[in-house]
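Descriptive analysis of the structure
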Amino acid sequence: MNSHDIKTSLPFPKSFWTAQQTTPEFPVLKENHKTEIGIVGGGIVGIISAYLLAKAGKKVTLIEAGRLINGVTGHTTAKITAQHSLIYDQLIKTLGEDKAKQYYDANIDGLESIRQLIKELSIECAYETKDSFIYAESHYGKRKLEREAAAYQTLGINGELTKENSDLPFPIKEALVMYDQAQFDPVLFLTALVREIIRLGGTIFEHTRAMEILKETTPLILTENNSLILCKKIIMATHYPINDADGLYFTRLSIHRSYAMVTRATGKIPEGMYINVEQPARSIRSVQGKYGEPLLLVGGEGHQTGKSSQKTIFHYQDLEEFGKKYFGGQSPLHMWSSQDLQTLDKVPYIGQMTKQNDTILVATGFNKWGMSAGAVAAKLLTDTILGQKNRYASLFDPTRKKLKLVDTKTFLWKNTSVGKDFVVGKLKRPDKKLSDLALDEGGLVSIQGEKVGAYRDEQGHLHKVVPVCTHLGCSLDWNDAERSWDCACHGSRFSYKGEVLEGPAVKPLPSSDI
Ligand code: FES
C-alpha cells in the first residue's frame, strides 16, 4: 500500500505548544488609544520587545490580530540555536568572514538572552540545553558538511564533525555538531513575559488587527474597527509586514512552508536536536509531554509555498511514516504547519523599515530560525528606540544594499516565479462542480461559469468565497489538511470562511453569492 493511500483526511492541525495554552486573554481595542511605542504582532519579537521596553520605563501597547503566540512563534520546532542548517560557509562567501561571525555571535547572544530571562524570572518552560546536529546520509551531503565544518573553524564556532556521537537509529555518512544550544516551549516562555508586561504597566489588545499604518506627523495604526493608535514609534512584528509596500518588502521575501508533528514513540528518542542536509527535510527533537514523559517531534517536508508537487495532507503522512519507521512513532498527538520567510541573503531584516522614516521599525525574514533571531531582533529594536548602540545593527539593516550577484539571481528567479503564479492562477479553470464535493472537502469549483472557492463542512454546510487574494490579487489554492485558502505569491492564508489567518493580506475574502 502506498503511504499516500493511508488516509483521506486529518483532524484540524493544532501545534503542540498552542494546544495547552494558558496565556491570559486580552480585550479588543474599541476606541482611539495613545501610547509611546505601538507594537503590532504578539509573537516572540513583539512580546520580548514589549517586555524590554516596558522594563525600560516606556509606555507600550501591543496589538495582535488573533490570540497571542498563535502565529509562527506558536508553530515552530522551538529549537534555540545558532546552527541554522548550512549557512556559515555561504555567509562567508556572500557577506564575508566578519559579517558571518557577527551572525553567529548575534544568534548566540539571542540564545543567551533567552536563557538569562528564564533564569531571572524563574520561568518554567521545558528549557533544556542540547547539542544541535546537522546530519548527512549521502556522500554529496557529507561534502557539504565538511565545507560547513571548515567555516566553523574559520569563525571559531563551538562545533565539529562528529559522526560517532550521533544517536540516530539509522546509518549516516557524517554529522556536524554545535554544542550547548537549547530547546524549550515558546508558549510557556512568552506567557510568563506577557504577565510581566502587564505587571510593568504595558497594555495588550487581542483580536485587534492592524489594517494600515498612517504616516502623519506621528505614526498612527488604523485597526479593523477603525480605532486609531497614536504612537511615537511603531514596531512591525507581524511575521510578514502588513505595510509591505513601504520598502517593497513583497519583492524581497520568499515564503517556505514546512510541517511538524508530535507523537509517542516506542523506540529511543534522540538526545540531541537534529536536522538533515538532504531533501526531504527532516528535523528531529524530543519534547516533554504533560507528565514529563518524552515524546518525539519530527518536522520537515519543507517546500517553497505553492511549489509542492503533492497535496498538503501527504506531507503529514510522510512525516508520520518517517517517525514510525525509525522511532516507533505512533499516531500524531499534534500536528501543524508553518510558513517562514527568507530574505535575499538569508539574514533577517531588523531595524528601520525604510531609510526615509525613523518611526517605523520592522523584524522579518527569520528563515525558520526565529527563536534565537527573534530575541536578537527584540534587543536590537529596543536599543534603536532607546538610542543605544547595537553592534549588529548594520548586519541586519533592512535597507542594506550590499547584495552579491548570487542573491540577486535568486531574487529574480523567485519574483519571476511569483509573477507566473499570478498569471497561471488567473487562467486555471476548475475541473470540479459543487456537487463533486464530499463532506469535509474543499476546492475550486465552477458555478455558472464562474470560479468559486468552496468547502463543504462535516455537517454538510457549504462555505463559498471569492478565491482571489486580498493582498495583491493572486489566485488562491485549497489546502486540504488545514482547510484553508493559501496564496502562493506572498503566503497569505484564509480560513474556509474567508477570515485572514496569515498576512500580508489584512482583508478577509468576500463570500461568493453565486
Ligand atoms: Fe500577496 Fe496573496 S497576493 S499574499
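Residues numbered from 1 in each chain as written. Predicted model: local features only at pLDDT ≥ 70, side-chain atom pairs only at ≥ 80, totals over all residues. Heavy atoms only, no water.

Named according to an unreviewed UniProt entry, the protein is Glycine/D-amino acid oxidase originating from Desemzia incerta.

Glancing now at the packing of helix 2 (residues 44–55) against helix 4 (residues 97–120). Where helix 2 contacts helix 4, the two axes come as close as 13 Å, and the packing angle between them is 60°. On the basis of their axis angle, the class for helix 2 and helix 4 is oblique. Helix 2 and helix 4 meet at a crossing whose hand is left-handed. Between helix 2 and helix 4, the contacting residues are Ile44, Ile48, Tyr51 and Lys55 on the first element and Ile114, Leu117 and Glu120 on the second. Classifying every residue of the contact of helix 2 with helix 4 by side-chain character gives five nonpolar, no polar and two charged. (Axes fitted to C-alpha atoms, helices over the stretch in contact; angles between N-to-C directions. Helix = DSSP H or I, 4+ residues; strand = E, 2+ residues; numbered from the N terminus. Parallel < 35°, antiparallel > 145°, perpendicular 65-115°, else oblique. Left-handed = near helix turned anticlockwise from the far one by under 90°. Contact = heavy atoms within 4.5 Å. Nonpolar A, V, L, I, M, F, W, Y, C, P; charged D, E, K, R; others polar.)

Okay, the sheet that holds strand 24 (residues 484–487) next. One open sheet accounts for four strands, arranged 23-24-25-26; its pairing is antiparallel. The outermost strands of the open sheet, each flanked by one partner alone, are strand 23 (476–479) and strand 26 (500–502). Adjacent strand axes in the sheet meet at a mean angle of 35° when their direction is disregarded. Across three bridges, strand 24 lies against strand 25 (residues 493–495) in antiparallel orientation. Paired with Asp486 across the strands is Arg493, a residue of strand 25. (Pairing = 2+ DSSP bridges.)

Here we take up the sheet that holds strand 20 (residues 441–447). What the three strands build is an open sheet, ordered 20-21-22; its pairing is antiparallel. Edge strands, defined here as strands with exactly one partner in the open sheet, are strand 20 and strand 22 (462–465). In this sheet, neighbouring strand axes are inclined to one another by 30° on average, regardless of whether the strands run parallel or antiparallel. Two elements, strand 21 (residues 450–456) and strand 22, share four bridges in a ladder whose sense is antiparallel. The partner of Ala454 across the bridge, within strand 22, is Lys464.

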